[in-house]
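Below are the chains, spelled out letter by letter.
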Amino acid sequence: DKLRLDPPEFTVKNYACQRRTPLKHNNTHLTHALELLAESAAFGENEGRSVAFTRAASVLKTLPRSVQRIEELRGLPCLGEHSLRVIKEILEYGASQEVESTRQSEQYQAMKALTGIFGVGVKTADRWYREGVRRPSDLMDSEQKLNQAQQAGLQHYKDLNTCVSKAEADAIGVIVDQAVQAVLPGAQITLTGGFRRGKESGHDVDFLITHPEEGKEEGLMPKVVNWLDTQGLLLYQKTTRNSYLESKDGPARPPSNMDRFERCFSIFKLESQSCSPPEREKSHQWKAVRVDLVVSPFSQFAFAVLGWTGSKLFERDLRRYAGQVKNMSLNSHSLFDSHQRCFLRATSEEEIFSLLGLEYIPACDRNA
Ligand code: GTP
Ligand code: MN
Ligand code: MN
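Throughout what follows, the structure given in this document is the object of discussion. Residue positions are counted from 1 within each chain, in the order its sequence is given. Going through the entries in the order they are written, you letter the chains from A and number the ligands from 1. Local features are withheld for residues below a pLDDT of 70 in this predicted model, meaning they are given only at 70 or higher, and side-chain atom pairs are given and counted only at 80 or more; totals for whole chains, interfaces and linings count all residues. Heavy atoms throughout the structure, all of them, feed into the side-chain values; hydrogens and water do not.

### A short note on the coordination of the manganese ion (ligand 3)
Surrounding the manganese ion (ligand 3) are the protein donor atoms D204 (OD), D206 (OD) and D292 (OD), which sit 2.1 to 2.2 Å from the metal. Sodium, potassium and calcium take a 3.2 Å donor cutoff, other metals 2.8 Å, and in both cases only N, O and S atoms count; water is not among them, so sites may look incomplete. All donors of the manganese ion (ligand 3) come from a single chain, and their spacing in sequence reads D-x1-D-x85-D. In this model, the manganese ion (ligand 3) sits 3.6 Å from the manganese ion (ligand 2), the two metals being bridged by D204. When its relative accessible area of 7% is taken as the criterion, D204 is described as buried. Here's how the labels work: a residue is buried when its accessible area is under 20% of the maximum for its type, exposed when over 50%, partly exposed in between, all with a 1.4 Å probe on protein chains only. The class for D206 is buried, based on a relative accessible area of 9%.

### Looking at the sheet that holds strand β11 (residues 335-337)
Only when DSSP finds a minimum of two bridges between them are two strands counted as paired. Strands are runs of DSSP state E lasting at least 2 residues, helices are runs of H or I lasting at least 4, and numbering of each runs from the N terminus. One open sheet accounts for three strands, arranged β10-β11-β12; its pairing is antiparallel. Whereas interior strands pair on both sides, the edge strands pair on one side only; in this sheet they are β10 (328-330) and β12 (342-343). Where β10 lies against β11, three bridges are found, and the strand directions are antiparallel. Paired with S329 across the bridge in β11 is F336.

### Notes on the packing of aromatic side chains
Aromatic contacts are taken between Phe, Tyr and Trp rings whose centres are within 6.5 Å, Trp giving its six-membered ring; a plane angle under 30 degrees counts as stacked, one over 60 as edge-to-face, and the others as tilted. Within the structure shown, the criterion is met by seven aromatic pairs. With a centroid separation of 5.3 Å and an interplanar angle of 85°, the aromatic rings of Y15 and Y321 are classed as edge-to-face. Within this pair, whereas Y15 is found in the loop between α1 (2-5) and α2 (28-43), its partner Y321 is found in helix α16 (residues 312-326), the two being separated by 306 residues in sequence. Seen from their ring centres, F298 and F301 are 6.4 Å apart, and the 15° between their planes marks the pair as stacked. Residue F301 is classed as buried on the basis of its relative accessible area, which comes to 18%. Site record: aromatic cluster; members linked through ring pairs are F314, F353 and Y360.

### Points about the site of ligand 1
Taken together, 19 residues sit near ligand 1, with G194, H203, D204, D259 and R263 positioned nearest. Any pair of nitrogen or oxygen atoms within 3.5 Å is treated as a polar contact; in protein, a donor-acceptor pairing is required on top of that, and neighbouring residues in sequence qualify only through side-chain atoms on both sides. Contacts to ligand 1 include R263, whose side-chain N or O atom sits 2.6 Å from an oxygen atom. Between ligand 1 and the protein, one listed contact pairs a nitrogen atom with a side-chain N or O atom of S332 at 3.0 Å. A 1.4 Å probe and the Shrake-Rupley method give the accessible areas. Residues count as covered only by the protein chains that appear here. The protein chains hide 83% of the 630 Å² of surface that ligand 1 would expose on its own. Residue assignment for the shell around ligand 1 shows that the elements contributing at least two residues are α12 (193-196), α15 (301-309) and α16. Ten residue types, Ala, Val, Leu, Ile, Met, Phe, Trp, Tyr, Cys and Pro, are classed as nonpolar, four, Asp, Glu, Lys and Arg, as charged, and the remainder, Gly among them, as polar. For the shell around ligand 1, the per-class residue count stands at two nonpolar, eight polar and nine charged. Nearness here has a simple test: a residue counts as near a molecule or strand if at least one of its heavy atoms is within 4 Å of that partner.

Structural data, given as structure tokens:
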């Protein structure tokens, strides 16, 4: 028929790292629905299904205008039968029954609330759910054993589920820089994560720390954390040591895609910035804010910035593209060419994209 002969409405590349995904797009009613299904699949520990919905949403984020008819999606990658069915229903009826019933379900709501506690993953939340726990408050007077992270998460539940603003992220940046300069002058901090991609709010603040003289950064994290702690700025922190082993041929490949940097998961006590006096009296004068700190050797800095800027799907596709298309292996430390059997050095993100044969995508367009 005639419709089949028309050229596709849109063309979209397969991998998220091959396309530009701005923060603001034209299909939020569709992407929110698909992302809720992705979240629900993750709660059910169905990662494959979760990633499939996330990919479908991500493709819609790259479209230059809002989708009106399902036919316009012909030829687009990553849109499976299930995602298409949900999209079609929303386009025709304004909502999807599956999405709305998932949103209303006791299990989804409980899992959302419980995984919203810092330190609680899907496995723990699911076990609690099966034992009858529904809300964070159910944990206060229960027998459930909580580890230190979870105790802090429960204690600061409200603050940690309030978005962090860019202004708050910048205020934390000033503090982190102070701490870093105090213990290692000349060290540099870089805001990564969602804020580097241009987000106006986030669930935490991510920083990467390095020093232009290789080796100076060793053992830096405990000193920074200690400085912050002494100033009374930390409500919680867990530091993990760098377990990355250097071999004579270059950095050894870590066994998984988890990286091996010195890293600190923390909760900052951020003094209120500019609340009006009456507002200050109502509540406490500080806010608990999740902060991630990572220390990278200077030689790996470009890979670390690229790896910690996200989005998660963008990172996933960068690695997948490197492996499937280029026979290379990318992580937050290095790029390994499996064919030439050697590490490829790079000192900027631009260089890494170029080594991968990819057009450079600036951070603001990595919101896949
Ligand atoms: P919000 O914080 O929700 O606003 O979004 P975000 O994109 O900043 O998410 P998040 O802080 O969770 O992660 C920031 C980036 O760090 C993402 O690109 C993640 O892929 C990356 N990241 C998080 N944990 C790890 C890890 O253990 N290893 C590596 N290599 N990257 C990680
Ligand atoms: Mn973040
Ligand atoms: Mn983070």
